[in-house]
Amino acid sequence: MGSVDAVISTAGAAAFAPLKELTDAQFELGWNNKFLGQVNLLRVGQRFINKGGVVLFTSGMLASDPIPGSASVSAVNGALNSFVIAASIELGDKLRINVISPIFVKETMEKMGMDSSSGMSAANTAIAYQVALEGQMTGAVIDVRDYASFDEKNVNMEYSR
């Protein structure tokens, strides 16, 4: 019954605040918006994705490299990563599911007046999505930093870490 080959989600809001100041509403924002928003995209949308199609979620580097004030966001990102690993087992060969873990995009940092030396270009960030979309992996948490030195013409579609 499918009608698309892929669904990619880069959406989701979550609150940044020191742990001692985080309210229930701020925690719920991340869980209800970023986590459940993407989970429900799969739960509802899977019937519209062709067999063998792919779903890509977006978490973020704060799952593995938290910073002060990121407890809520880090928890949501980590939960998304774990969900994708577990869901891939149940989806089997019907659908592939992966999650991209990006860092701050250089061009965005520059537009915000930030030092962009720790960011990654939008082009290299897109390569990680391309690899997850066109490759054969499923249940992978793909760290965009692994693609910092790739160029679009020489992308290996197999993911190994």
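Notes on the structure follow.

Conventions and cut-offs
- Residues numbered from 1 in each chain as written.
- Predicted model: local features only at pLDDT ≥ 70, side-chain atom pairs only at ≥ 80, totals over all residues.
- Heavy atoms only, no water.
- Pairing = 2+ DSSP bridges.
- Helix = DSSP H or I, 4+ residues; strand = E, 2+ residues; numbered from the N terminus.
- Axes fitted to C-alpha atoms, helices over the stretch in contact; angles between N-to-C directions.
- Contact = heavy atoms within 4.5 Å.
- Phe/Tyr/Trp six-rings, centres within 6.5 Å; stacked < 30°, edge-to-face > 60°.
- Buried < 20%, exposed > 50% of the residue type's maximum accessible area, 1.4 Å probe, protein only.
- Parallel < 35°, antiparallel > 145°, perpendicular 65-115°, else oblique.
- Left-handed = near helix turned anticlockwise from the far one by under 90°.
- Nonpolar A, V, L, I, M, F, W, Y, C, P; charged D, E, K, R; others polar.
- Salt bridge = Lys/Arg side-chain N within 4 Å of Asp/Glu carboxyl O.
- Bend = angle between axes of the 7 residues up to and from the residue.

Pairing is parallel in the open sheet, where four strands are placed in the order β1-β2-β3-β4. Every interior strand has two partners, whereas the edge strands, β1 (4–8) and β4 (141–143), have only one. If you compare each strand with its neighbour and ignore which way they point, the axes differ by 20° on average. Sheet topology places strand β2 (residues 49–58) next to strand β3 (residues 95–101); six bridges connect them, and they run parallel. Considered in β3, the bridge of Leu56 is made with Asn98. The sheet strands contacting helix α2 (residues 71–91) are β2, β3 and β4, and the helix crosses β3 at an angle near 165°. Lying over the sheet, helix α4 (residues 122–134) contacts β1, β2, β3 and β4, oriented at roughly 165° with respect to β3.

Our next topic: the environment of Val105. With respect to the helices and strands, the residue Val105 is situated in the loop between β3 and α3 (106–111). Distance from Val105 to Phe16, taken between C-alpha atoms, is 18 Å for residues 89 residues apart in sequence. Among all residues touching Val105, those that are not within four sequence positions of it are Met120, Ser121, Ala122 and Thr125.

What follows concerns the packing of aromatic side chains. Across all of its chains, the model carries three aromatic pairs by this definition. For the ring pair Phe35 and Phe83, a centre distance of 6.3 Å and an interplane angle of 85° mean the geometry is edge-to-face. On the criterion of sequence distance, the pair formed by Phe35 in helix α1 (residues 24–45) and Phe83 in helix α2 is long-range, its members being 48 residues apart. On the basis of relative accessible area, Phe35 is assigned to the buried category, the value being 15%. With centroids separated by 6.2 Å and ring planes inclined at 20°, the aromatic side chains of Phe57 and Phe83 adopt a geometry described as stacked. In this pair, Phe57 is assigned in strand β2 and Phe83 in helix α2, connecting sequence segments 26 residues apart. Among the aromatic residues, those joined into a cluster by ring pairs are Trp31, Phe35, Phe57 and Phe83.

Looking now at the packing of α1 against α2. How two helices sit against one another is set out by the angle between their axes and by the gap between those axes. Where α1 meets α2, the closest approach of the two axes is 10 Å, and the angle between their N-to-C directions is 20°. Of the possible angle classes, the one that applies to α1 and α2 is roughly parallel. The two elements α1 and α2 meet at a crossing, and its hand is right-handed. Touching Gln26, Phe27, Gly30, Trp31, Lys34, Phe35, Gln38, Val39 and Leu42 of α1 are Ser72, Ala75, Val76, Asn77, Ala79, Leu80, Phe83, Ala87 and Leu91, all from α2. Residue classes in the contact of α1 with α2 are distributed as 12 nonpolar, five polar and one charged.

Across all of its chains, the model carries two salt bridges by this definition. Arg145 is the salt-bridge partner of Asp65, the closest N and O atoms lying 2.7 Å from each other. Here the residue Asp65 occupies a position in the loop between β2 and α2, and Arg145 occupies one in the segment after β4, the gap between them amounting to 80 residues. We classify Asp65 as partly exposed; its relative accessible area is 32%. Here Arg145 falls in the partly exposed class, since its relative accessible area comes to 34%. It is possible to trace a salt-bridge network through shared partners that takes in Asp65, Asp143 and Arg145.

Moving on: α1. Remark: the principal bend of α1, roughly 40°, maps to Leu36. Every buried residue belonging to α1 is among Gly30, Lys34, Phe35, Gln38, Val39, Leu42 and Gly45, and all of these are buried. Against β2, α2 and β3 lie the buried residues of α1.

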